[in-house]
Amino acid sequence: MEFVKVSGPFIRRKDSVSRRMLDVLIALLPVVIAAFVYYPIPALRNISLSILTRLLCELVFVLIYHRIPYDGEKHTFKQWWDNFKKSFTLNTITVPLVSGVIYGLRRPVATKDNPNFIYYPLIIGAIFGRVIGKLIFGGTGKNIFNPALVGWVFAKLCFGSHYDYPSASKFLSNEIFTGATSLDPSHFSLANKVYSINSSALLDRFLGKRTGLVGETCKIAILVGLVYLIVRHTIDWRIPARYLGTVAFRSLILGTIIFGANKSTLSASYPFVFRTYQLLSGGLLFGAVFRATDPVTSPLTHPDRLIYGAFLGVCTRIIRLFGSLPEGTAFSILMGNALTPVIGYYKWSTTRYTWKNLTLLASVILVPTLIRIWAGCRRVF
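Residue numbering note: each chain is counted from 1, following its sequence as written. Local features in this predicted model are restricted to residues whose pLDDT is 70 or higher, and side-chain atom pairs enter the listing and the counts only when it is 80 or higher, whereas totals over whole chains, interfaces and linings include all residues. Values reported for side chains reflect all heavy atoms of the structure, with hydrogen atoms and water molecules removed beforehand.

A short note on the overall build of the protein chain
The number of helices and strands found in the protein chain is 15 helices and two strands. We call a residue buried when its accessible area falls under 20% of the maximum for its residue type, exposed when it is over 50%, and partly exposed in between, using a 1.4 Å probe and counting protein chains only. When burial is assessed residue by residue, the protein chain has 50% of its 381 residues classed as buried. Within the protein chain, counting contacts between residues at least 6 apart in sequence, those at least 24 apart form 77% of the total. Note on areas: Shrake-Rupley, 1.4 Å probe, and residue coverage restricted to the protein chains presented here. Entry remark: accessible area of the protein chain is about 18800 Å², with carbon and sulfur atoms responsible for 67%. Per the convention used, a helix needs a DSSP run of H or I reaching at least four residues, while a strand needs a run of E reaching at least two, with both numbered from the N terminus. Throughout, a residue-residue contact means that at least one pair of heavy atoms, one from each residue, lies within 4.5 Å.

The structure is reproduced here in structure tokens:
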């Protein structure tokens, strides 16, 4: 058997990378429209600066990586320009364009103190994600981590204390949200037995009338993009389905434990409300649709993708329950990217469902579930 080493994304039908990127841009269009409706100025600022920064990084990379080899002779500007045009492809624009839109949609609305400070993490994170997360590996198809996530995590860790999350009502009226974020431990605390969830507010979360990042709030727009990508066969439905299904299953278990300890103060529908609350909070839905499905950093075969999605769901719920940061989507996907070469290793990866990969999938689901039940009981009782 002969193995051919080719960089991803791997296309199994008559298609092209640029066409897949165009499909992702079309799927992102409802999210972008919703972002401009709720946060017009921040959305324009975040998306435009992110795209320009990443395009500039890509063009500089093309100029350096595909430069004329040194041969002891001087070359004219026309020769340099002709060589640049040969190495310049449509993917040079579409790939950083998609990454720039995704990164811009996952940026905060404002900063707490100096309003002009918002530009620094935006530009620095875009450069770091493009250069360190992708270009140093050799460009498109050779990166091991999602470049938009790398830039987001870097900016979050360095400048996260300066972020502010005013709700859409500030831009639609004169009101402003000053409470905790949706997944802040002070807003929902097992230790302090703060269990109240307003079920009537779940619809507002679904429509986007809540505090959060620019592009993660309107869930209905994200679902429209998901349907388009699945219909176009641009992404595999198994990854977001397994990811969201795992989070929903574990959230239902935790909600049942909380309800069992507080039957006198909670309604019987609380576990289901809590599950819905977790699915609609944070960047979970956006990450499951537009980040976890990255064809370069996700596994290739269907069984591996189910294992990959289950692993992301497990990590997200563990981080949300035990982590110091209330959200866990970005870190979970980066850990999944790191494990993708192991999950899809050619010596044990297969396109068929065998007892080995089914056993591994069951272990990924069952073992953390038992740990969650034990931990949830200890924190509640």
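What to know about the confidence of the model for the protein chain
A residue's pLDDT is the confidence the predictor assigns to it, expressed on a 0 to 100 scale. Model confidence for the protein chain is summarised by a mean pLDDT of 80, while 83% of its residues fall at 70 or above. Across the protein chain, helix α9 (residues 219–231) holds the top mean pLDDT of 94, while helix α7 (residues 169–172) sits lowest at 50. Below a pLDDT of 50 lies the segment residues 172–182, which in the model reaches 22 contacts outside its immediate sequence neighbourhood of four places, other chains included. In the predicted structure, residues 184–195 sits below a pLDDT of 50 and forms 27 contacts with residues beyond four places in sequence or in another chain.

A few points about the side chain of R305
Residue placement: R305 occurs in helix α13 (residues 302–322). Once you skip the residues sitting within four places of it in the chain, R305 turns out to touch D236, I239, P299 and L300.

Structural notes on the packing of helix α10 (residues 238–261) against α13
In contact at an axis separation of 7 Å, α10 and α13 are set at 35° when each is read in the N-to-C sense. Here the hand of the crossing between α10 and α13 comes out right-handed. Here R238, I239, R242, Y243, T246, V247, R250, S251 and L254 of α10 lie close against α13, whose contacting residues are H302, R305, L306, Y308, G309, A310, L312, G313, V314, T316, R317 and L321. Here the residues of the contact of α10 with α13 are counted per class, giving 10 nonpolar, six polar and five charged. Axis definition: a line fitted to C-alpha atoms, limited for helices to the stretch in contact. Angles are taken between N-to-C directions and run from 0 to 180 degrees. Crossing handedness: left-handed means the near helix sits turned counterclockwise from the far one by under a right angle, and right-handed means the same turn made clockwise. The residue classification treats Ala, Val, Leu, Ile, Met, Phe, Trp, Tyr, Cys and Pro as nonpolar and Asp, Glu, Lys and Arg as charged. All others, Gly included, are polar.

Quick look at the nonpolar core
In these notes, a set of buried Ala, Val, Leu, Ile, Met, Phe, Trp, Tyr and Cys residues joined through side-chain atoms within 4.5 Å is what counts as a nonpolar core. Formed by 64 residues in total, the largest nonpolar core has its most connected members in L28, L105, Y243, F286 and F290. If you tally residues by element for this core, the top one is helix α1 (residues 17–38), at 10 residues. For L105, the contacting residues outside a window of four places in its chain are L28, V31, V32, A35, I47, L213, V214, G215, E216 and F286.

Observations concerning the environment of M335
Examined against the element boundaries, M335 turns out to sit in helix α14 (residues 329–343). Along the primary structure M335 and C315 are separated by 20 residues, whereas in three dimensions their C-alpha atoms are 8.4 Å apart.

Section: the packing of aromatic side chains
Stacked, edge-to-face and tilted are the three classes for Phe, Tyr and Trp ring pairs, Trp counted by its six-membered ring, which pair at centre distances within 6.5 Å; planes under 30 degrees apart are stacked, over 60 edge-to-face, the rest tilted. Inspection of the entire model under this criterion finds five aromatic pairs. For the pair Y270 and F274, a centre-to-centre distance of 6.0 Å together with 20° between the ring planes defines the contact as stacked. On the criterion of helical spacing, the pair formed by Y270 and F274 is a turn pair, its members being four residues apart in helix α11 (residues 270–280). Here Y270 matches F274 in class, with each residue buried. A connected cluster of aromatic rings, assembled from ring pairs, spans F117, Y120 and F159. A ring is scored as having a charge over it whenever the NZ atom of a lysine or the CZ atom of an arginine sits within 6 Å of its centre and within 35 degrees of its normal. One Lys or Arg, R54, reaches over the ring of Y103 and ends 4.9 Å from the middle of that ring.

Structural notes on the environment of S281
Along the polypeptide, S281 turns up in the loop between α11 and α12 (284–290). Judged by its relative accessible area of 0%, S281 falls in the buried class.

A few points about the pattern of salt bridges
We define a salt bridge as a side-chain nitrogen of Lys or Arg found within 4 Å of a carboxyl oxygen belonging to Asp or Glu. Tallying each qualifying case throughout the model produces five salt bridges. The partner of R106 in a salt bridge is E216, with the nearest N and O atoms 2.2 Å apart. You can see R106 sitting in the loop between α4 (91–105) and β1 (110–111) and its partner E216 sitting in the loop between α8 (202–207) and α9, a full 110 residues away along the chain. E216 sits in the buried class, given a relative accessible area of 5%.

Topic: a nonpolar patch on the surface
Residues enter a patch when their relative accessible area is above 30% and they make no salt bridge; the linking distance is 9 Å between like charges and 5 Å between nonpolar side chains (Val, Leu, Ile, Met, Phe, Trp, Tyr). Together, L366, V367, L370, I371, I373 and W374 give the surface a local cluster of nonpolar side chains, amounting to about 600 Å² of exposed area. What makes V367 partly exposed here is its relative accessible area of 46%.

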